[in-house]
Structure formats: C-alpha cells, structure tokens
Amino acid sequence: MSLSLQAVAMTAWSQSSNHQTASLTIPQVAQGPKRLITTDDLIALRDIDSFSLSPDGKKFAVLIRQADPVANGYRTGWFIGSTDDGALTSAGDGGEARLMRIMTGRCGGDLVGSSSRWSADGQWIAYTVQRNGEIQLWRSSVDGKIQQQLTHNEADVRDFAWSEDGRTLFFTVGSTRSAQRAREEKGGRDGFPLQEFQWFTEMVYRATPVGPVETDLTVWAVASDGRDERPADAAGKKQFEEGLRRGYSWGRDYSQTMKVEDFGGSGAPPVVGKNGVRASLVRVDPSERGFLPKLRLTASLRPDGSQPIACNAEECVAQIFSKVWWSPDGKQVIFWREEGINFSDQGIYSWTPASGVVKPLKRASGDRFKECELLGQRLICVHETRLQPAHIVSIDTRSGRTSVLADFNPEFKNLRLPKVERFEWDAPPDTVRLGYSKRAYGYIVYPPDFDPNKKYPVLIAPYGAQGFIRGDVGDEQPMLVYAANGFVVLDTAFLLPLGDMGAADGDTLYEKMFSAEHGFPHMTMLMESTMRGLDAAVARGWVDETRVGMGGLSQGAMASLYALQKLDRLSAVSVSGPSLSQIDVYLETSYGAEIAKRIGGGVKRPEAAEYWAQIDLADHMDSIEAPILMHIADREAIGIMRLQYRLSDARKPYEAFIFQDEYHQKWQPAHRYAIYNRNLDWYRFWLQDYEDPSAEKADQYRRWRALRELQCLNPRALRAYCADNNKE
C-alpha cells in the first residue's frame, strides 16, 4: 500500500527512459467536426514537465513531453512563450524522458523534466538534457536559433545556477558514470552484499541494489558559451549557493530536495518582498509529528524578521500551502493553498498584514493549478480543467478572471467530450478518529448521448478525482474513452486520514489505519465510501447494478479487491496489483526500512499470517463474484504469485499480464496504450457483451469466452452469462 501523499521527498536526479522518438511540434489545428475521443487521442496528449518565468516576466519557458506508443518512447521539446499573447517559439529538443527517484534512490515510475533557469538578461534558458546515457547542461536562446551543449562532464549534472553577471554557470555532480559502472560490474562478478539491497524486488530484477541519492556533490563551473569547464574554487562555490537562492522557486523546483516532514510548505524558507518584508509558515502545533502538520501564515514587515504578525483568518491555516508570494509593492501576501474535501479544491488569496484583511482571488474546484508564478498583478500558471489537459493561463489577481495563453493540445477542440457533474455523499463513520472528512466527492462522466431513461453499465475509477480526467492515479483507466463507448463513469476520490497525517508519526498512523481489532479502518473507509458514491448514482435511476466495474492502481487495486472479498457489487475488475498480503512484510529489507525511516517515511508492519489472512483475497476465493484482469509491473510480480495460484486452483476467471522494466506506475507508452485498450475491451466484453471484430483480437476473445464459461459456474456472479443459466 502506498498513500498518494506518502513518498514525497523527491529529487530531479533520474534515469533514462532508454527510448527516443522524433522531435515534438505543436500543430496548427483548424476548427472541424466533432468526433468521439479514442485511446489514440489520450495516449498522445502533450504534458508540461517544466515551467518558469523570465526575469522581466515577458516570457515563459516550458518543457513539453508527448508519448509515442509505436516507438515506445517520448518526444520532448522546449518552447518559449509570450506572457502577453502566448505566442510560442521552439527552443530545441528536451532529450530523453527521465524517471524520478525519491531520496532513497527508488523509482516509482513518475516521469520528470529538467528545470529551466534564466540568465539575468532574459536571453537564455539553461537546463539539463539526458542523451546517450548521460545528463549534461545545455542552453537555448529565447529566439530559438541556438541550442548548445555546455558541459561534457564524466559525471551526470545534478543541479545548476547562473552567476549574477550571466557569464558563468555553476553545476554539481556526484560519482562519475565510469565509477558507477565499475561498482555494478564488480558486484556482478563478486556478488553484492545483502545489506546493500533495500527491497527484495531489487534482487529479482537484475540483482543490483539501488543506493540512496548522493548528497556529497562537487561544484563545477563552465563559461556560458561552453568553454573552460573546471572544478569551482571557493569563490565559485559561494556564487553557486547565491545563484540557487536567487533562482529558488518554492513549490516548483524538484532540484531543491526536501524531506517528507517538509512537505506542504513547513520546510520552505521565508519569502522576501520589497524592502525586506518577510512571509513564512509556522506550525500551529509544534508537537504534531505527522508529515502534513497544520501551518499558519505569518509575516514580518521588518527585514530582520522581528515583530511577526500572525494571520488569524481561517484561510491562513492549511496543511498544504503550494506557494506564497509578496505583491510587487510589498504590502500584500499572495498565497495558494489546498483546501476542501480531501484537498479537492485550491484557493488563491491575498492577505494584508498591516490591516489583517484576507480576500479570495481565485477558487478552483476539481480543476488544478499545477505551477504558478506571480507577475505584477497577474499569476501565470500551468492549469488543467476536468475536460482540458495542461495549458498556460493568466489570472488577474484583482478580478480573478482567467484567460488561456497557450494550448499544447489544440486537437482537443475537435473532440466531442462528455458532460461532467460533481456530486457528493456522506462518508462512512471515522471509527478510530483518523481525521477523515465527513463528506466524500466525485464526478459523474456521462456518455455523450446519455439518456436518463436507460439503464447504463457503470465503471468506477476510485482513487483520485482532480485535474484533467485522464486515467485515474497510475493512468490505466481511460475514463473519457469509457464514456465515449457508452459507460457512465464514476470518477471518485479516496478519503485520506488528513487529521493523523498532521498529528501522528508513520508507525502510529499505520497501526490505526490497519488495525485488525477495528476492522481495518482505512481499507473499510476506501471501500465503503466508494460504494456510497455508487449508491448515490444508483438512486438516480439509470444504473444497471448487475453491470458495475471497478479497478485501479495501488490503493485503487487494494480497494477493488477488498470489495470483491467483502461485498457482491462488481461484475468485472481490472487492477495493477494484488491485495495486501503477508509477503509485503518481507519485500523491504531491514536496510531499506532504516533508509525510509531516515527521510521520515516507512512503517512497521505486523508479521503474523493470521493478521494478513483477514485481508488477503487469496484466502477468500469463495467470496469472489467477478472476473479479474491484472496488469503487473515485473518488479511487483512477486506480489501476485499466491493470488494467481489460488485463483487457478479455485477455477476463478482471471487474466494477468506482466510488463517488462516497469515500476509501481507504468511509464512506457506502449505499455500504457496496451493497458488502455485491453481495459476497454475487458469492460465492454463483461459489461456490454461486446467483442471487437478486429482479427488481431481473435485470440483474446477466445480466451475470454473460456473465462466466461468459468464465470457461469460462479454462484456469486451478478449476471447470468450463460444461455442455460446453469450454475454448479
């Protein structure tokens, strides 16, 4: 189990996707006739991996990434845009897509892009590029005419900063690539000590331990035209630190590493405004031991930080402050916070410390502002709506008016997208007072030709319901495509124990969340809250309760399989992993647990088989009412072995696929595209009785018809799949 907010200590040090495709472009697309969205449209979305404003605020830089499932790689490209009219200029190739690693060295499958940093005169952006197995420092001119590699270091570039005069770039490196290869080669010959491995999966996958991200780095310098690459002297090291402070952008830059306990803003440095005024965040209760403590916005109108002024308005207390700025005149603090049910909303406010007045500037419910920078009276942000993928907007902080500056997916305007409606329901009781919200929420995604007088099959994507409706957490459930193919989709959000995330340490939180004595409160909350959302939809009269599907990644898989164990509500399931089981205890080594504790994460799990048997689906074959499809990363495949043995022995219908070189979240475009299409086929087969006539899918349907024969024998099946309706 991994909470969506648990592994948050991140760094931009990353590894290659090992695939590269053609250059990325943003086409001109004319308005045309509307058509239904397909998995081809969804996989080809262009994402914004990095965003920054020029020193004068006239331009912004973005790194764009687009998946290519045929080549199984990514196109990447840098673009410079105008903050006046959004006009875009291509600034060069972004190199290979990279995978983010957390501070322990582990990778979860998240893709990450380089930061861009501007020269003082605003004529250049610097960034890192990975190509041919190495990460080097590059620059591009804002007119797009020059893209130049600056460094040729024997180690990968980790972080970088401009000198104040713009003539030099300082950067840090760790061990050389040759030293890292030599270590792996020696271990490959002599064997690696067991205590170097953090997880059992490292032993199975190439038997190479992943070490924590290096923190003992060397500072180098290179001239801004790429000449004179050398180790920095003492003065250069000081300039590097000054450059980092000068270019620091809290809430955006992953190269500024943080620990779990700093998440939410508690570890952010004070924000300094005109005449030295300072704004900072302080813990409301210093005794809170969780990684999301409640924070209060404070300010000082004196450069030395004396005589702090606390903001006493309700809006000034939150568990996550995404960013804080001073207005250009140094009189107002502008702050952006997460709020609402389960952080489903975002709010941007202004606070005048001298008067204590707090004013709302912008509220977003369901939509997401992912990155923002203040430019005078405007905020320039990366924005997603429920039906529009990432784009750049300008927000007037006086009126709250939002206007689109740059759209990187112009093809979307010619798609016929569904109606989306937010709905809420009462959450189950918080039995052990973990701090869950009393209300839960989600979105109903209707088929384009929805008729309320019909009965519809329903698909539940239960994990997260924020930003663009794509594939839920893990991006495996193509919700808009489901709707286009006649399903009602319930895009619901799991409730998080936000109270104890602030108050309790990891072990205490886990013990309460997964207490057997109290009926495994967290799993019960996820399952029952999701089912209450389904009940709210059923009450509207257009749900066919014998045709309900559900699935997802991580907790989405866990809750779906727990529902199979505890309820009889589902007719088809597709998950990316197994239920919780005793094997989870042994996957992390003692060294791995020590490293996790060191950064503020990790928990101690019970070992007793009797404990796990209560929640492991492998011990509850008789409870299963629906066929199960599994898409499993090779690094996580060990977790399904017991379950697949039991399913086979019990003659329960299931199918499982293992994906090479994958992590918790699957990053390879070919894999995600295959999962999109197979999930769509799976749910259409079981819930709509539909088979795609494509010749290349004939074998798939032969297998699934055999599974249907097994489902005919299942006494718990909700649907009568066989003509004779004969169950044994």
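What counts as what
Here the residue numbering is sequential within each chain, running from 1 through the sequence in written order. pLDDT decides what is reported in this predicted model: residues at 70 or higher carry local features, side-chain atom pairs at 80 or more are listed and counted, and totals for whole chains, interfaces and linings draw on all residues regardless. Calculated side-chain values reflect all of the structure's heavy atoms, with hydrogen atoms and water omitted. Put simply, DSSP marks the helices as runs of H or I at least four residues long and the strands as runs of E at least two long, and each gets a number from the N terminus on. Here the globule rule is a power law, 2.2 Å times the number of residues to the power 0.38, and the radius of gyration is based on C-alpha atoms. Buried residues are those whose accessible area, probed at 1.4 Å on protein chains only, stays under 20% of the maximum for their type, while exposed residues exceed 50% and partly exposed ones sit between those limits. By the convention used here, residues are in contact when the closest approach between their heavy atoms is within 4.5 Å. Method for areas: the Shrake-Rupley scheme with a 1.4 Å probe, in which residue coverage is limited to the protein chains shown. We treat Lys and Arg as the positive residues and Asp and Glu as the negative residues; His and chain ends play no part in the count. Charge positions come from single atoms, namely NZ of Lys, CZ of Arg, CG of Asp or CD of Glu. Two strands qualify as a pair provided that DSSP identifies no fewer than 2 bridges between them. Angles shown run from 0 to 180 degrees and are taken between the N-to-C directions of axes, each axis being a line fitted to C-alpha atoms and, for helices, limited to the stretch in contact. What makes a patch is a set of residues exposed beyond 30% relative accessible area and free of salt bridges, joined within 9 Å when like-charged and within 5 Å when nonpolar (Val, Leu, Ile, Met, Phe, Trp, Tyr). For salt bridges, the criterion is a side-chain nitrogen of Lys or Arg within 4 Å of an Asp or Glu carboxyl oxygen. To count as a disulfide, a pair of cysteine sulfur atoms needs to be within 2.5 Å. Convention used here: a crossover is right-handed provided that the path from the first strand, over the helix, to the second strand proceeds clockwise when the strands point away from the viewer.

Let's talk about the overall build of the chain
Okay, step 1: Broken down by element type, the chain carries 15 helices and 38 strands.
Okay, step 2: Compactness check: the chain gives a C-alpha radius of gyration of 26 Å against a globular reference of 27 Å for 728 residues, within 12% of the reference.
Okay, step 3: Principal axes of the C-alpha set define a box for the chain whose edges measure 80 × 65 × 60 Å.
Okay, step 4: Counting every position in the chain, which comprises 728 residues, the buried fraction comes to 57%.
Okay, step 5: By sequence separation, contacts in the chain at least 24 residues apart represent 62% of the contacts at least 6 residues apart.
Okay, step 6: Total accessible area on the chain is roughly 29,700 Å²; 48% of this is exposed by carbon and sulfur atoms.
Okay, step 7: For the chain, the distance from the average position of its 86 positive side-chain charges to the average position of its 95 negative side-chain charges is 4 Å.

Comments concerning the sheet that holds strand E29 (residues 402-407)
Okay, step 1: With antiparallel pairing, the four strands of this open sheet are ordered in space as E26-E27-E28-E29. Taken across any chain shown, the strands that pair with only one partner, and hence form the sheet edges, are strand E26 (368-375) and E29. The average undirected angle you get between the axes of adjacent strands in this sheet is 30°.
Okay, step 2: Here E26 pairs with strand E27 (residues 378-385) via seven bridges, running antiparallel.

Quick notes on a nonpolar patch on the surface
Okay, step 1: A cluster of nonpolar side chains, contributed by Phe200, Val204, Ile638, Met641 and Tyr645, occupies part of the molecular surface with about 460 Å² of accessible area.
Okay, step 2: Taken together, the elements giving at least two residues each to the nonpolar patch come down to helix H3 (200-204) and helix H13 (641-649).
Okay, step 3: Note on placement: Tyr645 falls in helix H13.

A closer look at the state of the cysteines
Okay, step 1: Inspection of the entire model under this criterion finds three disulfides.
Okay, step 2: Two residues share a disulfide in this structure: Cys372 and Cys381, whose sulfurs sit 2.1 Å from each other. Handedness of the Cys372-Cys381 disulfide follows from its S-S torsion of about 110°: it is right-handed.
Okay, step 3: The side chain of Cys712 participates in a disulfide bridge whose partner is Cys722; the two sulfur atoms lie 1.2 Å from each other. The chirality of the disulfide connecting Cys712 with Cys722 is right-handed, given an S-S dihedral of about 65°.

Regarding the pairing of strand E34 (residues 488-492)
Okay, step 1: Burial within E34 is extensive, with five of its five residues counted as buried.
Okay, step 2: A two-sided burial pattern is seen for E34, the buried positions comprising Val488, Leu490 and Thr492 on one face and Val489 and Asp491 on the other.
Okay, step 3: Here strand E32 (residues 439-445) runs beside E34; their pairing, made up of four bridges, is antiparallel. Paired with Val445 across the bridge in E34 is Val489.
Okay, step 4: Of the strand pairs in this sheet, strand E33 (residues 456-461) and E34 are connected by four bridges, and their pairing is parallel. In the sheet register, Ala461 faces E34, and the bridge partner there is Asp491.
Okay, step 5: Chirality of the crossover, the property in question, places the unit of E33, helix H5 (residues 479-484) and E34 among those that are right-handed.

Here we look at the sheet that holds strand E24 (residues 345-352)
Okay, step 1: The strand order across the open sheet formed by four strands is E22-E23-E24-E25, and the pairing between neighbours is antiparallel. Where the open sheet ends on each side, the last strands, each with one partner, are strand E22 (321-326) and strand E25 (357-365). Here the strands of the sheet are splayed against their neighbours by 15° on average, with no regard to which way each runs.
Okay, step 2: Where strand E23 (residues 333-339) and E24 come together, seven bridges link them in antiparallel fashion.

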